[in-house]
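# Chain and residue survey
Take a look at the letters that make up each chain.
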Amino acid sequence: MLAGGRKRKGMRAKKGGKGEGGSRLSTALPLALLPAKELLAEPAGGMRSAALRCKITEKAKKSLASLKRENPRVEPTLAIIQAHNDHSIQDINKNFAKEIGLHVIHICLPEGSSKDEIVNEILRLNEDPNVQGLALDLPESLYSSKVLNAVKPEKDVDGLSSVNLGRLVHGDAYNCLVPPTACAVMELLEDLGGKTVLLVGISGAVGAALQCMLQREGAVTVSCQWKAPQLQTKLHHADVVVVGSTKPDDVPVSWIKPGTTIISCSRDLLSEKHNYGAPDHQAAENAVGSLAVAMRMQNMVKTTEQWIQSQQYRKWNLRCLKLQPLSPVPSDIEISRAQSPKAVDVLAKEIGLLTDEIEIYGQTKAKVRLSLLERLKDQPDGKYVLVAGITPTPLGEGKSTVTIGLVQALTAHLNINSFACLRQPSQGPTFGVKGGAAGGGYAQVIPMEEFNLHLTGDIHAITAANNLLAAAIDARILHENTQSDKALYNRLVPVVNGVRGFSAIQLARLRRVGINKTDPGTLTEEEVSRFARLDIDPSTITWQRVVDTNDRFLRKITVGQANTEKGFFRQAQFDIAVASEIMAILALTTSLQDMKERLGKMVVANDKKGEPVTAEDLGVTGALAVLMKDAIKPTLMQTLEGTPVFVHAGPFANIAHGNSSVLADKIALKLVGETGFVVTEAGFGADIGMEKFFNIKCRASGLVPSVVVLVATVRALKMHGGGPNVTAGAPLKKEYTEENLQLVADGCCNLQKQIQIAQLFGVPVVVALNVFKTDSVAEVDLVCKIAKQSGAFDAVPCNHWSAGGGGAVKLAQAVEKAARQKNSFKYLYSLELPIVEKIRIIAQKVYGAQDIELSPAAQSQVDRYTRQGFGNLPICMAKTHLSLSHQPERKGVPTGFILPVSDVRASIGAGFIYPLVGTNLTCSHNLNTSS
């Protein structure tokens, strides 16, 4: 069926389109092929054309109105690039667009613009997500294949690109856009079977499209130019003549036989001086113009429909990579380098990302833009799975490996969409004893070295932002100590081009200090001092400089020793970069605006009156946000089996919450679809990382977890059962390499406690036993039996390290079943409770403590934070990960202990209070922790 509504044989469209124009062959018009005069005037011979035009226009109007009702956020927009000074066509387009409810943007380039300038403008509009259609109105000399094919086929409403023409020729009616001039001609013709149609002076895409469409209607087509030999004979035998240029005077009308139908697509108006026939010719000349414009508008309906469909959720078409596991298992780096990863743009397309939603970094990494969340806002989330662990040995028990093995099993072996969301590793642990964090064996993220080193520079951005703020603090103290109020005010609010004005951030500070003025010249001396001076107390500065390296000689430093600092020196320290509050903010933020607000709220010190001083007070919030504008986007990578992974944020689990970003989880939950799975990991044991995941991260995200996967190893259970100490870098004692069922049974108390902790939150638990080659079958069976008896939904041995996803299929099946269970998720405590009571609930219910004991300094800080209005924040306990208690040497399930809280600090921007437990963690975020 053509756009005018009449059905023709051989022109069937593929099914699948929506709305009025979804199942027909859409049409379009290159306005450059239409004369302005022709558009402005139609003689009586065009009455039928006018009726068709009205019918098509009305249909386009109804279709667009329907699309707008169903998609209220969409404003269908046609962009037209013009490169001449005749604006009459522009008026015609505006009138038609207004009639059907279409928004038109005219880009008027100077007359004489080059092809390269035209192409540059086309490429810009191609990438504009707010433009659904693109048309060209250019001088004839600029219509080259280079220009025409620069237009994205899906935006090519004129149907002039080689892609659209090729689809038409191959009969792909649904996916192609046809030149509207050609469709206008076809609408004016009837009963073409067996007739001879002569195309005179018509070439290029329009001529090719016309020939194709005419032949499908059963017509015999002949094409030639006005100067062609035997033109008289061809004209005499033609039943229909379609002309694309003005008839020369030396071609007499008598050459055209009586009764011939004549249609003009000429650029020039054909008046009676250039009449093609006597009154008995069925002339339809001058009738194509406005009909073709209507066809273009109908084409815009189709492009808008297809654009809306492209914005919807797309089913995955994932090609997984094959693994051929070797025995013995090679090193992690050997395994990583032996696999050939997919190009990241291919992976992105396979999982439904649009080309304008990714920013590619090399061949295997890409940033994903947050605009996806808006595009898929109505898409239901998938299932949300948290991987946590029992209290670990210093060697770690393989949570990252289980996370990767699980998603490889779900997607590569069970054909279930899944996404892994991991933290980015710090270079401190990477170059220390712990090593990288890409997983291991045949369950890891690749390329391994790119994952572990630099990635896309997020940690470097955090380092730059953190140290910019640290520099601003010391600089402000120096300037306030060495300048008068007036001089300081003049520096902060300088005269620019004879005018002095407050910035937006300065107006906000004025309001915070109680000054309701906007004219810098009206402040009193007292108000100038109140505005300009922060009066930072250097002894209260909590904001430290950071570096992403284990550099023990920077643990305690003195800053300000240069002569230029005029004797204002103080003791400070370097922390490791991922310990920065900015990292915690990155992990918990939900949008760029939210991140900017959180950055502004960061408390860096107190003033001499004991009130908090924030990054907003220092006026650097905008600068920090600019430095972090790319870091906020998650990084897309892949597993060894080609399944997708998001790597984003990397806060430690002691002074921060130890989880990957909220944004990565939210994007992944949209991409996997309602039946898919997002698997994310919490740092350290369930008592630390999982508790913070539920009480801090889930509060920030509003997401509800479906399942907890609790990772255990026989090795760690033996340690909790009374086995000898496990030391990183030292060989394991024989108790860990030989079967010892009693040690395993005794150590399962820790596993049982961690299952109980998960059950406090009302989430089903699946135990994943990460199997080592030294584990006996009897030990493995014993652990699984005890886990099930202790309330786990299931307990499954896993061999993903040596077998890839195939070794975690049973775990994946167990997780899928557990996700169908009733979920009664709840938080552990109410935020309205006092800070001390929230600490006590965690200590008693999670750690098993008898009670807590706050030092005088800790109690003083609690009182201060409560007075300052921070009492309703969640709690982020800074505690050793090597024991449920505060004493790392106490294994198993310690009881009856008093949990000492030596200090309490606040990350106001990140949004939590963090108590420091014991005496050895006051510098837990310092450079020595990662080693």
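Here, residues in each chain are numbered from 1, in the same order as that chain's written sequence. It should be noted that, the model being predicted, local features are given only for residues of pLDDT at least 70 and side-chain atom pairs only at 80 or more, the latter also being counted only at that level, while totals for whole chains, interfaces and linings use all residues. Hydrogens and water molecules were not included; the side-chain quantities draw on all heavy atoms of the structure.

## Describing the overall build of the chain
Here is the rule: Each helix is a run of DSSP H or I of at least 4 residues and each strand a run of E of at least 2, with the numbering of both proceeding from the N terminus. Type-normalised accessible area, obtained with a 1.4 Å probe on protein chains alone, sets the label of each residue: buried when under 20%, exposed when over 50%, and partly exposed for intermediate values. Contacts are assigned to residue pairs that have any heavy atoms within 4.5 Å of one another. Residue exposure ignores everything except the shown protein chains as possible cover, and the areas themselves are Shrake-Rupley values with a 1.4 Å probe. Counted as positive: Lys and Arg. Counted as negative: Asp and Glu, with His and the chain ends omitted from the count. By convention, charge coordinates are those of NZ in Lys, CZ in Arg, CG in Asp, or CD in Glu.
A count of helical and extended segments in the chain gives 34 helices and 31 strands. Each principal axis of the C-alpha atoms in the chain carries an extent, and together these give about 110 × 80 × 45 Å. Across the 931 residues of the chain, 58% fall into the buried class. Long-range pairs, those at least 24 residues apart, make up 74% of the contacts in the chain between residues at least 6 apart in sequence. Accessible surface, the chain as shown: approximately 36,900 Å² in total, 52% of it carbon and sulfur. Treating the 103 positive side-chain charges of the chain as one cloud and the 90 negative ones as another, the clouds have centres 3 Å apart.

## Observations concerning the packing of helix H26 (residues 686-701) against helix H29 (residues 741-759)
Applicable threshold: As a rule, the C-alpha atoms of each element are fitted with a line to give its axis, helices using only the stretch in contact, and angles between N-to-C directions run from 0 to 180 degrees. Roughly parallel covers angles under 35 degrees, roughly antiparallel covers those over 145, roughly perpendicular covers 65 to 115, and oblique covers all other angles. Residues were grouped as follows: Ala, Val, Leu, Ile, Met, Phe, Trp, Tyr, Cys and Pro as nonpolar; Asp, Glu, Lys and Arg as charged; and all remaining residues, including Gly, as polar.
At a minimum axis distance of 10 Å, the contact between H26 and H29 shows a crossing angle of 10 degrees. Viewed along their axes, H26 and H29 adopt a mutual orientation that is roughly parallel. On H29, the residues touching Ala 686, Asp 687 and Met 690 of H26 are Gln 754, Ile 757 and Ala 758. Its residues placed into classes, the contact of H26 with H29 shows four nonpolar, one polar and one charged.

## Quick word on the sheet that holds strand E1 (residues 77-82)
Selection rule: A pair of strands counts as paired when DSSP detects no fewer than two bridges linking them.
With parallel pairing, three strands are arranged side by side in an open sheet as E2-E1-E3. In this open sheet, the two strands that pair with only one neighbour each are strand E2 (103-108) and strand E3 (133-137). Adjacent strand axes in the sheet meet at a mean angle of 20 degrees when their direction is disregarded. For E1 and E2, the ladder comprises six bridges, and the chain directions are parallel. Note on E2: the bridge partner recorded for Ile 80 is His 106. Here helix H3 (residues 88-100) sits on the sheet and contacts E1, E2 and E3; the angle it forms with E2, its principal contact strand, is near 165 degrees. Sheet strands touched by helix H4 (residues 115-126): E1, E2 and E3. Its angle to E1, the strand with the most contacts, is close to 170 degrees.

## Some words on unusual backbone geometry
Trans is the prevailing form of peptide bonds, just as negative phi is the prevailing case for residues other than glycine. The linkage connecting Ser 327 with the following residue, Pro 328, adopts the cis geometry, with an omega of 0 degrees. Secondary-structure assignment places Pro 328 in the loop between helix H10 (288-311) and helix H11 (332-338). Cis geometry marks the peptide bond from Ile 446 to Pro 447, where omega comes out at -10 degrees. Structurally, the position occupied by Pro 447 is in the loop between strand E14 (443-446) and helix H16 (448-452). Positive phi is not limited to glycine here, since Gln 230 has a value of about 60 degrees. Here Gln 230 lies in the loop between strand E5 (220-224) and helix H9 (231-237). A relative accessible area of 62% places Gln 230 in the exposed class. Unusually for a residue other than glycine, Asn 497 sits at a positive phi of about 55 degrees. For Asn 497, the location among the structural elements is in the loop between strand E15 (495-496) and strand E16 (499-500).

## Re helix H32 (residues 809-818)
Among all positions in H32, only Val 809, Leu 811, Ala 812, Ala 814, Val 815 and Ala 818 are buried. The secondary structure elements touched by the buried residues of H32 are strand E11 (383-389), helix H14 (399-413), strand E25 (677-681), strand E26 (707-712), strand E27 (765-770) and strand E28 (794-798).

## What to know about the pattern of salt bridges
Rules: Think of a salt bridge as a Lys or Arg side-chain nitrogen and an Asp or Glu carboxyl oxygen that are within 4 Å of each other.
Overall, the coordinates contain 36 salt bridges when judged by the stated rule. The partner of Glu 449 in a salt bridge is Arg 337, with the nearest N and O atoms 3.1 Å apart. Residue Glu 449 is located in helix H16, and its partner Arg 337 is located in helix H11; the two are separated by 112 residues in the primary sequence. Taking relative accessible area as the criterion, Glu 449 reaches 28% and is therefore assigned partly exposed. We note a salt bridge from Arg 715 to Glu 397, for which the minimum N-O separation is 3.3 Å. With Arg 715 in helix H27 (residues 714-720) and Glu 397 in the loop between E11 and H14, the pair connects residues that are 318 residues apart, well separated along the chain. Accessibility expressed as a relative area gives 10% for Arg 715, which makes it buried. For Glu 397, a relative accessible area of 5% corresponds to the buried category. Here the salt bridges share partners, and the residues they tie into one network are Glu 359, Arg 369, Lys 629, Asp 630 and Lys 633.

## What to know about the nonpolar core
Test applied: Working definition of a nonpolar core: buried Ala, Val, Leu, Ile, Met, Phe, Trp, Tyr and Cys residues. They are joined through side-chain atoms within 4.5 Å.
Residues Phe 419, Leu 469, Leu 636, Phe 646, Leu 671, Phe 694 and Leu 751 are the most contacted members of the largest nonpolar core, which totals 141 residues. Top element by residues in this core is helix H17 (residues 458-482). It accounts for nine residues. Beyond its immediate stretch of four places on either side in the chain, Phe 694 contacts Leu 386, Arg 699, Pro 705, Val 708, Phe 761, Val 763, Phe 825 and Tyr 827.

## Brief notes about the side chain of Thr 391
Quick note on the threshold: We define a polar contact as two N or O atoms separated by no more than 3.5 Å, with the added condition that, inside protein, one atom must be a possible hydrogen donor and the other a possible acceptor, whereas residues neighbouring each other in sequence contribute only through side-chain atom pairs.
Position of Thr 391 relative to the elements: it lies in the loop between E11 and H14. Exposure remark for Thr 391: the relative accessible area of 0% places this residue in the buried category. A polar atom in the side chain of Thr 391 sits 3.1 Å from the side chain of Asn 750. Filtering out sequence-adjacent residues up to four positions away, Thr 391 remains in contact with Asp 687, Ala 716, Met 719, His 720, Asn 750, Gln 754, His 881, Leu 882, Ser 883 and Leu 884.

## Observations concerning the packing of aromatic side chains
Aromatic rings considered in pairs are described by the distance between their centres and by the relative angle of their planes. Going by this rule: Pairing of aromatic side chains here covers Phe, Tyr and the six-membered ring of Trp, requires ring centres within 6.5 Å, and sorts the geometry by plane angle: under 30 degrees stacked, over 60 edge-to-face, intermediate tilted.
Under the definition given, this model contains twelve aromatic pairs. Both rings, one in Tyr 489 and one in Phe 502, keep their centres 6.5 Å apart while their planes meet at 65 degrees; by these two values the pair is edge-to-face. With Tyr 489 in helix H18 (residues 485-492) and Phe 502 in the loop between E16 and helix H19 (504-512), this residue pair connects regions lying 13 residues apart in the sequence. Overall, Phe 502 belongs to the buried group, its relative accessible area being 12%. With a centroid separation of 5.4 Å and 70 degrees between ring planes, the pair formed by Phe 693 and Phe 694 is classed as edge-to-face. Given the relative accessible area of 0%, Phe 693 is considered buried. Take Phe 694: its relative accessible area is 0%, and that puts it in the buried class.

## Examining the confidence of the model for the chain
Counted only if it meets this: The predictor's confidence in any single residue is recorded as pLDDT, a number from 0 to 100.
Per-residue confidence for the chain gives a mean pLDDT of 88, with 90% of residues at or over 70. Note that pLDDT drops below 50 for residues 1-45; the model gives that stretch 168 contacts with residues more than four away or on any other chain.

## Structural notes on the pairing of E5
Note the threshold: Here is how to tell: hold the view so the strands point away, follow the path from the first strand over the helix to the second, and if it runs clockwise the crossover is right-handed.
As paired elements, strand E4 (residues 196-200) and E5 share five bridges and run parallel to each other. Note on E5: the bridge partner recorded for Val 197 is Thr 221. Assessed by its sense of winding, the connection that carries the chain from E4 through helix H8 (residues 204-216) to E5 is right-handed.

## Considerations on the sheet that holds strand E30 (residues 898-907)
If you trace the three strands from one edge of the open sheet to the other, you get E29-E30-E31, paired in mixed fashion. A single partner strand is all that each edge strand has here, and the edge strands are strand E29 (851-854) and strand E31 (912-917). The sheet shows a mean angle of 50 degrees between the axes of neighbouring strands, direction not considered. Bridge analysis of E29 against E30 gives four bridges, and the strand direction is parallel. When the bridges of E30 are listed, Leu 854 appears paired with Val 901. Taken strand by strand, helix H33 (residues 835-847) contacts E29, E30 and E31, and its axis lies near 135 degrees from that of E29.

## Section: the packing of H17 against helix H21 (residues 581-588)
Definition in use: For any pair of crossing helices, the crossing counts as left-handed if the nearer helix is rotated counterclockwise from the farther one by less than a right angle, and right-handed if it is rotated clockwise.
Contact geometry for H17 and H21: axes closest at 9 Å, N-to-C directions at 130 degrees. By the angle class used here, H17 and H21 are oblique. Along this stretch, H17 crosses H21, giving a crossing that reads as right-handed. Together, Ile 459, Ile 462, Ala 465 and Asn 466 of H17 and Ile 582, Met 583 and Leu 586 of H21 make up the contact between the two elements. Partitioned by chemical class, the residues of the contact of H17 with H21 number six nonpolar, one polar and no charged.

## Observations regarding the side chain of Asp 775
Looking at where Asp 775 falls in the secondary structure, it is placed in the loop between E27 and helix H30 (777-789). Buried and without a salt bridge, Asp 775 has Lys 718 as its closest oppositely charged side chain, separated by 5.9 Å. When near neighbours in sequence (up to four residues on either side) are disregarded, Asp 775 contacts Val 714, Asn 770 and Val 780.

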